[in-house]
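Descriptive structure summary
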Amino acid sequence: MALLTANKVFQMNGVTVSEKIIPDGIRWKDGAKAQKAGFSAGSLYKKQQRLSGGTGKVQGVTIHNTADLANVHDDGEQYTRATYNENMGSVRVHYYVDDTGAWQNLKAGTGLCANDPVGSAEVSWHAGDGSTPDGGNMTTISMEVIMGDTAAHDEKAKDNAARMAAWLLWKHGLTIDKLFSHTYWVNKSAGKHFADVDRQCTNPVRNQKWCPTYIFGSSNPDIALKNWKAFKQLVQGYMDALNGGAQAPTADAAGTLYRVQTGAFSSKANATAYAKKIKAAGFDTYVVKADGLYKVQVGAYSKKANAEAQMQKLTAAGFQAFITTKSGTPV
Ligand SMILES: [Zn+2]
């Protein structure tokens, strides 16, 4: 069971993305598995067609939730490996996202790596609406957000998804109303249309997928609506930040990340206590272990200027901070 090797690792709006795009021309090998998924050996392993009638135009981002895998650190890697091993049935998605980052399985037209040029966004298989020309499969980028882990990991996974959704909407010139839930497409397939897009995103359809389940956080539609709106607000916040910036964030050539660090402790308890203080001051923070020390960091950036800006904010709030390119293991 060897772990997959990414073709390329890069940053999308502060999230580490491992690119493992299913190459064009790949076909089903295992006849039994293929048949179970509704195909046959020799069928194309992905739709292999650009979005929106072959134009590659992205018309939205669809959010799903899938379960966290017990005792697996990088869940996206495992889901991607299951995809390559023909164990995911007919499901093909653009991104698997967890607390550690994301794995990309299909072209999303981002231009962030050589295998994913601008204009190349392709069809994924996730919305349960087949080849409906204006359906979720044929027009949107799909994201499986892996949750159901600890509360802290779930928050981080959700935040990573929000950062990526914001970047994708922004990159493709879309507004927040083009952020869809899986359930939005379930409603459309069931012939239900709501003037309020949020209602359509959270209206339960009997015996059909209720997704993203963890983000909805309840089987009560009113609570789900509230939680979905909160998630959208998180995405909107990241979109606002991007719209305030002059240009698309792209990783520098070497893929170096500039990490803002504000403390290092030999005791995990002290590091965690300090991280709490930083968080209380309004900063997103996390603790990594490197060289035997617990280091409190406040963001990783592909652009040094962004890291410097964050460092200045910390300093202004009365915390010492510096920039390091050294990574560590999340704790
Ligand atoms: Zn779903």
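Residues numbered from 1 in each chain as written. Predicted model: local features only at pLDDT ≥ 70, side-chain atom pairs only at ≥ 80, totals over all residues. Heavy atoms only, no water.

We now examine the domain arrangement of the protein. Domain annotation for the protein reports domain 1 (8–244) and domain 2 (258–330). Computed from C-alpha atoms alone, the centre-to-centre distance between domain 1 and domain 2 is 30 Å. Between domain 1 and domain 2, the contact holds 6 residues from the first and 4 residues from the second. Between domain 1 and domain 2, roughly 270 Å² of surface is buried when both sides are summed, and carbon and sulfur atoms account for 55% of that area. The tally of links from domain 1 across to domain 2 stands at 0 residue pairs in polar contact (both at pLDDT 80 or more). Residues belonging to the side of domain 1 that touches domain 2 are distributed by class as follows: 1 nonpolar, 3 polar and 2 charged. (Domains from an automatic or database assignment. Contact = heavy atoms within 4.5 Å. Buried area = accessible area lost by both parts, 1.4 Å probe. Polar contact = N/O pair within 3.5 Å; in protein donor to acceptor, adjacent residues only side chain to side chain. Nonpolar A, V, L, I, M, F, W, Y, C, P; charged D, E, K, R; others polar.)

This next bit is on the coordination of the zinc ion. Within the protein, the zinc ion binds to His 64 (ND1), His 182 (ND1) and Cys 211 (SG); these donor distances fall in the range 2.1 to 2.3 Å. A relative accessible area of 1% places His 64 in the buried class. (Donors = N, O, S within 2.8 Å, 3.2 Å for Na, K, Ca; no water. Buried < 20%, exposed > 50% of the residue type's maximum accessible area, 1.4 Å probe, protein only.)

Our next topic: the nonpolar core. Core analysis: the biggest nonpolar cluster contains 50 residues, and Ile 63, Tyr 95, Met 143, Leu 179 and Val 235 have the highest contact counts within it. In terms of nonpolar packing, the next biggest core, distinct from the first, is built from 14 residues, Ala 271, Val 287, Val 296 and Val 298 among them. (Core = buried A, V, L, I, M, F, W, Y, C linked by side-chain atoms within 4.5 Å.)

Note that the residue after Cys 211, namely Pro 212, is joined by a cis bond; omega there is 10°. Take Pro 212: it is sitting in the loop between helix H7 (197–202) and helix H8 (213–216). Look at Asn 71: it is not a glycine, yet its phi comes out positive at around 60°. The topology assignment puts Asn 71 in the loop between strand S3 (61–67) and helix H3 (75–84). (Helix = DSSP H or I, 4+ residues; strand = E, 2+ residues; numbered from the N terminus.)

Let us now look at the side chain of Lys 46. Mapped onto the elements of the fold, Lys 46 is located in the loop between helix H1 (31–36) and helix H2 (51–54). For Lys 46, a relative accessible area of 5% puts it in the buried group. Within the structure, Lys 46 has its side chain in polar contact with the side chain of Asp 24 (distance 2.9 Å). Sequence-distant contacts of Lys 46, defined by excluding residues within four places in its chain, comprise Ile 22, Pro 23, Asp 24, Leu 106, Lys 107 and Glu 122.

In this section: the sheet that holds strand S5 (residues 101–104). The sheet built from 7 strands is open, its strands ordered S1-S2-S5-S4-S6-S3-S7 with mixed pairing. Since the sheet does not close on itself, it has two edges, and those belong to strand S1 (8–12) and strand S7 (179–181), each with one partner. Ignoring which end each strand starts from, the neighbouring axes of this sheet average 30° apart. Sitting on the sheet, helix H5 (residues 151–171) touches S1, strand S2 (15–19), S3, strand S4 (95–98), S5, strand S6 (141–147) and S7, and the angle it makes with S6 is about 170°. (Pairing = 2+ DSSP bridges. Axes fitted to C-alpha atoms, helices over the stretch in contact; angles between N-to-C directions.)

On to the pattern of salt bridges, then. Applying the stated criterion across every chain yields a total of 9 salt bridges. Ionic pairing is found between Lys 188 and Asp 134, a salt bridge with its closest N-O pair at 2.9 Å. Linking Lys 188 in helix H6 (residues 182–189) with Asp 134 in the loop between S5 and helix H4 (136–139), this pair joins segments that are 54 residues apart in sequence. Residue classification places Asp 134 among the partly exposed residues on the basis of a relative accessible area of 46%. Residue Lys 232 pairs with Asp 177 through a salt bridge whose shortest N-O separation is 3.8 Å. Residue Lys 232 is found in helix H9 (residues 221–244), and its partner Asp 177 is found in the loop between H5 and S7; the two are separated by 55 residues along the sequence. Classification of Lys 232 by relative accessible area gives buried; the value is 7%. Ionic contacts of the salt-bridge type, sharing partners, join the residues Asp 24, Lys 46, Lys 107 and Glu 122 into one network. (Salt bridge = Lys/Arg side-chain N within 4 Å of Asp/Glu carboxyl O.)

Right, let's talk about the packing of aromatic side chains for a bit. Tallied over the full model, the rule gives 12 aromatic pairs. Residues Trp 28 and Phe 39 carry aromatic rings whose centres are separated by 5.9 Å and whose planes lie at 25° to one another, so their mutual orientation is stacked. On the criterion of sequence distance, the pair formed by Trp 28 in the loop between S2 and H1 and Phe 39 in the loop between H1 and H2 is long-range, its members being 11 residues apart. With relative accessibility at 2%, the residue Trp 28 sits in the buried group. Its relative accessible area of 32% is what places Phe 39 among the partly exposed residues. Against the face of Tyr 84 rests Lys 20, its NZ or CZ located 5.9 Å from the ring centre. Sitting above the plane of the Tyr 45 ring, Arg 92 keeps its charged end 3.8 Å from the centroid. (Phe/Tyr/Trp six-rings, centres within 6.5 Å; stacked < 30°, edge-to-face > 60°. Lys NZ or Arg CZ within 6 Å of the ring centre and 35° of its normal.)

All right, on to H3 then. Most of H3 is tucked away, with 8 of its 10 residues classed as buried. Buried residues of H3: Asp 75, Gly 76, Glu 77, Tyr 79, Thr 80, Arg 81, Ala 82 and Thr 83, and no others. Remark: Glu 86 follows H3 within two positions and exhibits a positive phi of approximately 65°.

What follows concerns H9. Here H9 spans 34 Å end to end across 24 residues, near enough to the 34 Å set by a 1.5 Å rise per residue. For H9, the complete set of buried residues consists of Ala 224, Leu 225, Trp 228, Phe 231, Lys 232, Val 235, Tyr 238, Met 239 and Leu 242. At the N-terminal boundary of H9, the capping side chain belongs to Asn 220, with an oxygen 2.8 Å from the backbone nitrogen of Asp 222. (Expected span 1.5 Å × (residues − 1).)

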